[in-house]
Amino acid sequence: MALQRLTTLRALMASQPTALSAYIVPTADPHSSEYIADIDARRSWLTGFTGSAGTAVVTNDKALVWTDGRYYTQFEKEVDLNLWTLMKQSLPDTPSIEKWLSSNLAAGSVVGYDPHIMSREEKTPLQLALKKSKIQLLAISKNLVDLARVELKNPPPERPHNDIMYLPINYTGKTAGKKIEELREKMTEKRASALIITALDEIAYTLNLRGSDIPYNPVFFSYLVITPAKVKLFWHDGKIPETILKSMEEEGVQIEGLPYDRVVPILENMAKELSESGDGEHDIWLSSEASEAIHRAAGGEDVLQKPLTLMSEVSPVALMKLVKNDVEMEGFRQCHIRDGTAVVRFFKWLHDEVASGSNVTELEADAKLLKFRQDEKDFMGPSFETIPGAGENGAIIHYSPSKDGPQRIIRGTDMFLLDSGGQYRDGTTDITRTRHMGQPSAEQISAFTRVLKGQISLGTALFPKGVKGNVLDTLARKSLWDVGLDYAHGTGHGVGHFLNVHEGPSGISWRPYPHDPGLKPGQILSNEPGYYKVGEYGIRHEDLVEIIDVNKNSSHPKASNLLGNYDGRGVLGFSTLTMVPHHKQCINLELLDDFELSYLNGYHARVLNILGPILKQRGLLEDYKWLAQECQPMKRQ
């Protein structure tokens, strides 16, 4: 089927009115979502590679996929390597897509793309680079992968439009009316006639609504247009449920519902109406991550002689939701206590099962963890597909066990990496803990400890307010770098409030986040260094942390040493939200300095002091005993 799919796509490329020399298939949907619904999983269908990031390029005689270091091992396991070539984009000698196309296509060639799923931010530099090589980038309105699926009698599924739910103010801390009022104030400052919001999590945040159209992401397919007088929601068939309309009215918002698939012609009509009103000089504000199709429609580029001016930049909603309010922040703290309770119960159960000789598969472990989380208040589901990597599977950074075929049993000789998270009404969690099911080797203990040193170094760092996240990345890697080791992923990502577990525009990585506005109090980030020995084991330690103001009297472990505040800029630090102990058996105390050992003992004491009474109160005495043992202070011999 892999060859048949490629052959069908190439036939469609050749049959276009202007024959295509290459066609680009990104991992994308019309909203620049990181995680996508089945209807948008075109690259996965075409290549067989199921990783969440990557772009395929198909020419007449070549088929390539660009992806990053998280997925190299997964790609080689899933894809027919006789047909597809892996382009390791994390490596410095791997050419970018535009450089490869410029070098491998002849002048006069035409490269096709779908304007509905490529952002203008991505399209503009690609177009400029190809133009220098006299190669044309051509928008193809009907997606060729979708057409290939129809030809092969395997059409894409319908776009989901599940029920939407209202999230009350006791969870959100701010009404939708207040958020829209603040956005309109920013529109006035920018002299914008309309604000177009295309990112699904931004729409959910603005309206205090949630959905389930994309697995693990509580969002719903929609577009939102805000003008000085109206709020227009493009959703499903345009009929918004009465209960939602009533909730919106109570929050001070009157919404007009419009059909989702009519957004382009309605935006074009809005552009025409604006061009005919006043002096015709109107600015439209939208995110640079909005699709090329939405940019063209918003400016009226296909219907007006003189298109409207577009202010294409980072979305104001992205910056607004980046900093959590007091209610959201307290929700994060509370849901991490409940989530920690579930994860502690799980690890106690797993160790007991493996030690007793029971055959527990990775999928069974995943299911059991879900049951423990379901015992907790306000749990709504996992925040992403759980990664339960036993032994060699832990080295696959975004591993997912197959539901078909033989199941991997978690053995007493395995290092077990568990990366999981929960969606709660009051927040989102994302935690990784690595534990050995028996006796770790000296090599594993050394690697485990060095990853932990990196996490502690980052988690206890002090830094000036406004510093961008990529500045901090080296702190998490230094202990690994000292011995020639590293990991092929970023160190931290933003997290939404009962929204997407990966949230921009800030993060911590060796690559700068292009729209990072600088770190501020009230942001939530992950802290997750790792190490992976392909074919043997993987190690990752992940906490979620909140950014806090720090002064000499703060409870931060380095606060008492402060001599200044960066000449008035202000001092920031992290406070760890995650409440699960590390596996002491895997730690080499000789590699920890006194500060690191003191910090770790203090963290474990905090976990026990917070979770212990909860376990006792619920009568979970065996779980309490296990946690108390895991949290006992460590001492040097």
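Where an unreviewed UniProt entry is consulted, the protein appears under the name Metallopeptidase M24 family protein, with the organism given as Pieris macdunnoughi.

Structural notes on the sheet that holds strand 17 (residues 415-420)
The strand order 16-17-20 describes an open sheet built from three strands, whose pairing is antiparallel. At either margin of the open sheet sits one strand with a lone partner, and together these are strand 16 (387-390) and strand 20 (431-436). Adjacent strand axes in the sheet meet at a mean angle of 10° when their direction is disregarded. Here strand 16 runs beside strand 17; their pairing, made up of four bridges, is antiparallel. Within strand 17, the residue paired with isoleucine 387 across the bridge is aspartate 419.

Focus on the side chain of threonine 27
If you trace the backbone, threonine 27 turns up in the loop between strand 1 (22-26) and helix 2 (42-47). At a separation of 2.4 Å, a polar atom in the side chain of threonine 27 contacts the side chain of arginine 43. A distance of 2.4 Å separates the side chain of threonine 27 from the backbone oxygen of glycine 54, its partner in a polar contact. Those residues in contact with threonine 27, other than ones at most four positions away along the chain, are Ile36, Arg43, Ser52, Ala53 and Gly54.

Some points on the pattern of salt bridges
If the charged atoms of two oppositely charged side chains come close together, the side chains can form a pair. For the structure on display, the rule yields 42 salt bridges. Arginine 333 is paired through a salt bridge with glutamate 330; the nearest N and O atoms lie 3.0 Å apart. With a gap of three residues between them, arginine 333 and glutamate 330 both fall in helix 14 (residues 326-355), about one helical turn apart. Classification of arginine 333 by relative accessible area gives partly exposed; the value is 33%. Residue classification places glutamate 330 among the partly exposed residues on the basis of a relative accessible area of 34%. Taken together, the salt bridges that share partners define one network made up of Arg120, Lys123, Glu292, Arg296, Glu301 and Asp302.

Structural notes on the packing of helix 1 (residues 2-14) against helix 6 (residues 144-151)
Axis separation between helix 1 and helix 6 bottoms out at 9 Å; the angle between their running directions is 120°. When the axes of helix 1 and helix 6 are compared, the pair comes out oblique. Classified by chirality, the crossing of helix 6 by helix 1 is right-handed. Side by side, helix 1 and helix 6 meet where Thr8, Leu9, Leu12 and Met13 of the first sit next to Leu144, Val145, Leu147, Ala148 and Glu151 of the second. When its residues are assigned to classes, the contact of helix 1 with helix 6 shows seven nonpolar, one polar and one charged.

So, the packing of helix 8 (residues 176-190) against helix 9 (residues 200-207)
Relative placement of two packed helices is described by the angle separating their axes and the distance separating the axes. Where helix 8 meets helix 9, the closest approach of the two axes is 7 Å, and the angle between their N-to-C directions is 115°. The residues of helix 9 that touch helix 8, namely those facing Ala176, Lys179, Ile180 and Leu183, are Tyr205, Thr206 and Leu207. Tallied by class, residues from the contact of helix 8 with helix 9 come to five nonpolar, one polar and one charged.

With respect to the sheet that holds strand 1
Judged by pairing direction, the sheet is mixed, and its six strands sit side by side in the order 4-3-2-1-5-6 without closing on themselves. Across the chains shown, the open sheet's two edge strands, defined by having one partner strand only, are strand 4 (85-88) and strand 6 (136-139). Ignoring which end each strand starts from, the neighbouring axes of this sheet average 25° apart. Sitting on the sheet, helix 4 (residues 97-104) is in contact with strand 1, strand 2 (55-59), strand 3 (63-67), strand 4 and strand 5 (110-113), with an inclination near 10° to strand 2. Contacting strand 1, strand 5 and strand 6, helix 5 (residues 120-132) runs over the sheet at an angle of about 140° to strand 6.

Quick notes on the domain arrangement of the protein
Domain annotation of the protein identifies domain 1 (1-152), domain 2 (165-314) and domain 3 (323-630). Facing the 17 residues of domain 1 at the interface are 21 residues of domain 2. Taken together, the two surfaces of domain 1 and domain 2 that pack against each other cover about 1,400 Å², and 51% of this comes from carbon and sulfur. Sorting the residues of domain 1 by area buried against domain 2 places His31, Arg120 and Glu121 first, and these three jointly supply 46% of that buried surface. Here arginine 120 and glutamate 292 are joined by a salt bridge, their closest N and O atoms 2.9 Å apart. Counting across the interface, domain 1 meets domain 2 through twelve residue pairs in polar contact (both at pLDDT 80 or more). Classifying every residue of the side of domain 1 that touches domain 2 gives seven nonpolar, five polar and five charged.

Quick notes on helix 1
The terminal C-alpha atoms of helix 1, which comprises 13 residues, lie 19 Å apart, in line with the 18 Å expected from a rise of 1.5 Å per residue. Regarding helix 1, the residues found buried are Arg5, Leu6, Thr8, Leu9, Leu12 and Met13. Down the axis of helix 1, the buried set is contained in an arc of 165°. They therefore lie on one face. Residues of helix 1 that are exposed and point over 90 degrees away from its buried face: Leu3 and Ala14. Turning to helix 1, the residues buried within the fold contact strand 1, helix 2, strand 2, strand 3 and helix 6.

Notes on unusual backbone geometry
Across the junction of glycine 504 and proline 505, the peptide omega takes the value 5°, indicating a cis bond. If you trace the backbone, proline 505 turns up in strand 23 (residues 503-508). For asparagine 208, which is not glycine, the phi torsion reads 55° and is therefore positive. Located in the positive-phi region is aspartate 378, a residue other than glycine, with phi close to 65°. One can find aspartate 378 in the loop between helix 15 (362-374) and strand 15 (379-382).

Points about the pairing of strand 11 (residues 231-235)
Burial within strand 11 is extensive, with five of its five residues counted as buried. Where burial is concerned, the two faces of strand 11 agree: the one with Val231, Leu233 and Trp235 and the one with Lys232 and Phe234 are both buried. Pairing between strand 10 (residues 222-226) and strand 11: five bridges, direction antiparallel. The partner of isoleucine 226 across the bridge, within strand 11, is valine 231. Taking the residues between adjacent antiparallel strands as the criterion, strand 10 and strand 11 are bridged by four residues. Taken together, the four bridges between strand 11 and strand 12 (residues 255-258) define a ladder with parallel strand orientation. Pairing of phenylalanine 234 across the sheet is with leucine 258, part of strand 12. Following the backbone out of strand 11, through helix 10 (residues 242-250) and into the adjacent parallel strand 12, one traces a crossover that is right-handed.

What counts, and at which threshold
Residues numbered from 1 in each chain as written. Predicted model: local features only at pLDDT ≥ 70, side-chain atom pairs only at ≥ 80, totals over all residues. Heavy atoms only, no water. Pairing = 2+ DSSP bridges. Helix = DSSP H or I, 4+ residues; strand = E, 2+ residues; numbered from the N terminus. Axes fitted to C-alpha atoms, helices over the stretch in contact; angles between N-to-C directions. Polar contact = N/O pair within 3.5 Å; in protein donor to acceptor, adjacent residues only side chain to side chain. Contact = heavy atoms within 4.5 Å. Salt bridge = Lys/Arg side-chain N within 4 Å of Asp/Glu carboxyl O. Buried < 20%, exposed > 50% of the residue type's maximum accessible area, 1.4 Å probe, protein only. Parallel < 35°, antiparallel > 145°, perpendicular 65-115°, else oblique. Left-handed = near helix turned anticlockwise from the far one by under 90°. Nonpolar A, V, L, I, M, F, W, Y, C, P; charged D, E, K, R; others polar. Domains from an automatic or database assignment. Buried area = accessible area lost by both parts, 1.4 Å probe. Expected span 1.5 Å × (residues − 1). Arc of directions from axis to C-beta. Right-handed = clockwise from strand over helix to strand, strands pointing away.

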